[in-house]
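A structural walkthrough
The residues making up each chain are set out below.
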Amino acid sequence: MPKQVGRITRKLDQVVQSVKGRLDHLVQLRENADGKQMKPHPSDKLADEKREKLFGQALKEFSAQGVKNASLNRIISAMGMSKSSFYHYFENKA
């Protein structure tokens, strides 16, 4: 059992690093060819700490339940966030 926990922990760390890398890449893409900033995404209004906590909670949910059985309700419930607040920051579940 400890070996399995270690493997899962390492895999989660890899996924978190991958997500952070992709987020950094998206931030870089926001600048268009003219050097002008694009309109900020509503999720940018979330405090960094809250955004990281939300993505971490989503990662836990998807890791535990798989993509097919993951629940947005469980994620936002664990965050203490309402559905309307979630959709204020994100257009959809994807």
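So, a few notes on the structure that sits alongside this text. (Residues numbered from 1 in each chain as written. Predicted model: local features only at pLDDT ≥ 70, side-chain atom pairs only at ≥ 80, totals over all residues. Heavy atoms only, no water.)

**Some details on the packing of aromatic side chains**
Under the defined criterion, the tally for this structure stands at one aromatic pair. Between F86 and Y87 the ring centres are 5.2 Å apart and the planes differ by 85 degrees, which places this aromatic pair in the edge-to-face class. Judged by its relative accessible area of 7%, F86 is buried. (Phe/Tyr/Trp six-rings, centres within 6.5 Å; stacked < 30°, edge-to-face > 60°. Buried < 20%, exposed > 50% of the residue type's maximum accessible area, 1.4 Å probe, protein only.)

**What to know about the packing of helix 2 (residues 48-69) against helix 3 (residues 72-79)**
Relative orientation of the contacting elements helix 2 and helix 3 amounts to 150 degrees, with a least axis distance of 9 Å. Pair helix 2 / helix 3 crosses with right-handed handedness. Note on element contacts: helix 3 touches helix 2 through R74, I75, A78 and M79, opposite K50, K53, L54, Q57, A58, E61, F62, Q65 and N69. (Axes fitted to C-alpha atoms, helices over the stretch in contact; angles between N-to-C directions. Helix = DSSP H or I, 4+ residues; strand = E, 2+ residues; numbered from the N terminus. Left-handed = near helix turned anticlockwise from the far one by under 90°. Contact = heavy atoms within 4.5 Å.)

**Brief notes about the pattern of salt bridges**
Within this structure, the stated rule accounts for two salt bridges. For R51, the salt bridge goes to D48, with nearest N and O atoms at 3.3 Å. Of the two residues, R51 and D48 are both situated in helix 2; the distance of three residues between them amounts to about one turn of the helix. Its relative accessible area of 17% is what places R51 among the buried residues. (Salt bridge = Lys/Arg side-chain N within 4 Å of Asp/Glu carboxyl O.)

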